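Structure assessment
Listed below are the residues making up each chain.
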Amino acid sequence: MADRRVDHLLIGGGIASASCATALREHGATGSILLVGRELDPPYHRPPITKGYLAGRETREETFIPVPDDVEVLTRTSVMALDPQAKAVTLSNKETVAYETALLATGAMVRRLQVEGAQLQGIHYLRALGNADTLRADAEGRERIVCVGGSYIGCEVAATMTTLGRRCTIVMQEDEPLERSFGRRVGAWVRRLLESRGVEIVGGAEVQRFEGSGDRVERVVLADGRAVEADVVVCGVGANPDVMLARKAGLELGETGGVRCDSRLATGFDGLYAAGDVCEYDSVIHGRRLRVEHEEAAAAQGRTVAANMLGAGQEHLDAPYFWTDLADWATLEYVGPAEAWDEEVVEGDLDSGSFSVSYLRDGRLEAFLRVGGFGDIDAAAARIAERRTADR
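Structural notes, computed from the coordinates. If you're wondering where the values come from, they're calculated on a predicted model, not measured in any experiment. (Residues numbered from 1 in each chain as written. Predicted model: local features only at pLDDT ≥ 70, side-chain atom pairs only at ≥ 80, totals over all residues. Heavy atoms only, no water.)

1. Some thoughts on the sheet that holds strand 13 (residues 219-222)
Spatially, 12-13-14 is the arrangement adopted by the three strands of the open sheet, whose pairing is antiparallel. The open sheet has two edge strands, strand 12 (207-211) and strand 14 (227-229), and neither has a second partner. Taken pair by pair, the neighbouring strands of this sheet meet at an average axis angle of 20°, ignoring direction. In this structure, strand 13 lies alongside strand 14, joined through three bridges in antiparallel fashion. (Pairing = 2+ DSSP bridges. Helix = DSSP H or I, 4+ residues; strand = E, 2+ residues; numbered from the N terminus. Axes fitted to C-alpha atoms, helices over the stretch in contact; angles between N-to-C directions.)

2. Things to note about helix 7 (residues 295-309)
Taking 1.5 Å per residue as the helical rise, helix 7 with its 15 residues ought to reach 21 Å, and the 21 Å between its terminal C-alpha atoms agrees with that figure. Extensive coverage of helix 7 is indicated by the burial of 13 of its 15 residues. Note on helix 7: the residue one or two positions beyond its end, Gly311, has a positive phi of about 95°. (Expected span 1.5 Å × (residues − 1). Buried < 20%, exposed > 50% of the residue type's maximum accessible area, 1.4 Å probe, protein only.)

3. A few points about the nonpolar core
One finds Leu9 and Val89 to be the most contacted residues of the largest nonpolar core, which totals 53 residues. Of all the elements, helix 1 (residues 15-26) adds the most residues to this core, at seven residues. Among all residues touching Leu9, those that are not within four sequence positions of it are Leu34, Val36, Val89, Tyr99, Thr101, Ala102, Leu103 and Met309. Ala139, Val232, Ala327 and Ala330 belong to the second-largest nonpolar core, a separate cluster that totals 47 residues. (Core = buried A, V, L, I, M, F, W, Y, C linked by side-chain atoms within 4.5 Å. Contact = heavy atoms within 4.5 Å.)

4. A short note on the side chain of Glu280
Tracing the chain through its elements places Glu280 in strand 19 (residues 279-283). The contacts of Glu280, once residues within four sequence positions are left out, are Gly254, Glu255, Thr256, Gly257, Gly258, Val259, Arg260, Cys261, Arg289, Leu290 and Arg291.

5. Here's the deal with helix 3 (residues 129-139)
All buried positions along helix 3 are accounted for by Leu129, Ala132, Leu135, Asp138 and Ala139. Among the structural elements, helix 2 (52-55), strand 8 (123-125), strand 9 (144-148), helix 4 (152-163) and strand 15 (232-235) are those in contact with the buried residues of helix 3. Trailing helix 3 by a residue or two, Gly141 shows a phi angle of about 80°, which is positive.

6. Concerning the pairing of strand 21 (residues 321-326)
On strand 21, burial follows the alternation: Phe322, Thr324 and Leu326 on one face are buried, whereas Tyr321, Trp323 and Asp325 on the facing-out side are not. Relative to strand 22 (residues 330-335), strand 21 runs antiparallel, the two sharing six bridges. Residue pairing across strands places Asp325 opposite Thr331, the latter belonging to strand 22. The hairpin turn running from strand 21 into strand 22, its antiparallel successor, is three residues long, and Ala327 in that turn takes a positive phi close to 50°.

Just distances and angles here, no functional claims.
Structure representation (structure tokens):
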């Protein structure tokens, strides 16, 4: 017998659970809600980890996501076991909790480089507020920052640390930063922007090992023999969905490693849903299975789950939205995502940093990027959701 019972159990301390809790109350749910997170802090926004919080412009409390006062939040607590048939969990404090409905939103774990020297001090990975605290302290009084990876983490950290007076280099496998998301043309624009602010870009490079004297990193050695001097290294080489609990519970996993869900974000077990980084769902508007790792997408999924916990039977009909700031140099907003495309339609002016890109496949809009506020991203999202041929 369980130690206690709750109406709605939210497993994971991120924005998916926080938005689900808020939406439950907004939809009129009066039952008990328990949110369980393993981190030290209550739910918080993660973009500041590489931006405002890392730069010291935002306080810890300013990153927190408000949840209704009558939602019970357990921090520093993990769900150790999930029995989806009995509809119960065991917490790290040994308490067993039975639930009526539950959300699985355990997030993701950073992917670590498995190369020689990876254990040296001064090599950082960013996923939590505490990681940003450690990086900021370690970079104090040090000059040369090397960011490994040319995606969001690498570009955002390089921009932030440059504004703090550090010399930053991005080392990446791609030829252009962010090209995997936005294509080579936009990637080349991002390169020009970063380089104009003093960031060095080393593209088409693979890290072979880290070297240092003693226990601390001093250089990044590339596969072609080049060495990049480094006082501090930040690795942003992706993340893997944290499905350890899901796997132990016998939940089915999909091709991208997430928990397989239907279009309502239901797992197939009664009352159990998934959202955020671990959710791989049947997207009606994309016509394929989709797993999206951005915070805004997790929040939207949390709201859909809340409606379905209350019996709405609602399909998740969201064209995921994402944004990123590169310091105060540029803001990129994106809706999609495009798995592949065969045409890019650019409007506006790349040189001025005010432009948009429509990503088309077979004449249909798959994704839309705007920079500097150029273009109607809401209209683009609606067009993507309609699955109609683009109106040029």
